[in-house]
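# Secondary and tertiary structure notes
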Amino acid sequence: MDENGGKIPDEFDDDVVILQQLRRSYKYFKDYSQMIMEPTSPKLLPDPLKEPYYQPPYTLVIELTDVLLHPEWSLVTGWRFKKRPGIDNLFQQLAPLYEIVIFTSETGMTAFPLIDSVDPHGFISYRLFRDATRYMDGHHVKVGLQRGRESP
């Protein structure tokens, strides 16, 4: 409805009512599945910073699961994540030289607190989650990263 209460026409208005509903439902589910299968944006990282800001010359992309954190599950405790030794020192040494990006196929809601626990001092520049992956053959696959754009 528009601001005057009039119906806003769409591409299915000329069809029979049942056919309208079926086509709208099909379009909705097609759009939803496309949202799951493709990254939310073709540009995963922003453009490099301009002067006077410091832009590290290289970007280092690190996986969260099994690289920074090791997940373990037990019947008693459920999921627990063990932090790899030396992560704090590693980030401190790499931060001046690299733009650090965490890239994981976990959801943002799951991974955000984990990344916060791994990086309490804020050395990580960007966080990329499941919405930055491509869904292929039943799995979320990380797409290649290039500064300012995605590459397959």
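Refer to the structure printed above.
Scope of this entry: the structure provided in the associated data block. (Residues numbered from 1 in each chain as written. Predicted model: local features only at pLDDT ≥ 70, side-chain atom pairs only at ≥ 80, totals over all residues. Heavy atoms only, no water.)

Once that is clear, we can look at unusual backbone geometry. Non-glycine residue Asp-66 carries a positive phi angle of around 70°. Mapped onto the secondary structure, Asp-66 falls in the loop between strand S1 (58–63) and strand S2 (69–74). (Helix = DSSP H or I, 4+ residues; strand = E, 2+ residues; numbered from the N terminus.)

Tallied over the entire structure, the rule returns eight salt bridges. For Lys-82, the salt bridge goes to Glu-72, with nearest N and O atoms at 3.5 Å. Placement of Lys-82 in strand S3 (residues 78–83) and of Glu-72 in strand S2 is noted, with a sequence separation of ten residues between them. On the basis of relative accessible area, Lys-82 is assigned to the partly exposed category, the value being 47%. Across the pair Asp-88 and Lys-83 runs a salt bridge whose closest N-O atoms are separated by 3.1 Å. You can call Asp-88 partly exposed: its relative accessible area is 37%. (Salt bridge = Lys/Arg side-chain N within 4 Å of Asp/Glu carboxyl O. Buried < 20%, exposed > 50% of the residue type's maximum accessible area, 1.4 Å probe, protein only.)

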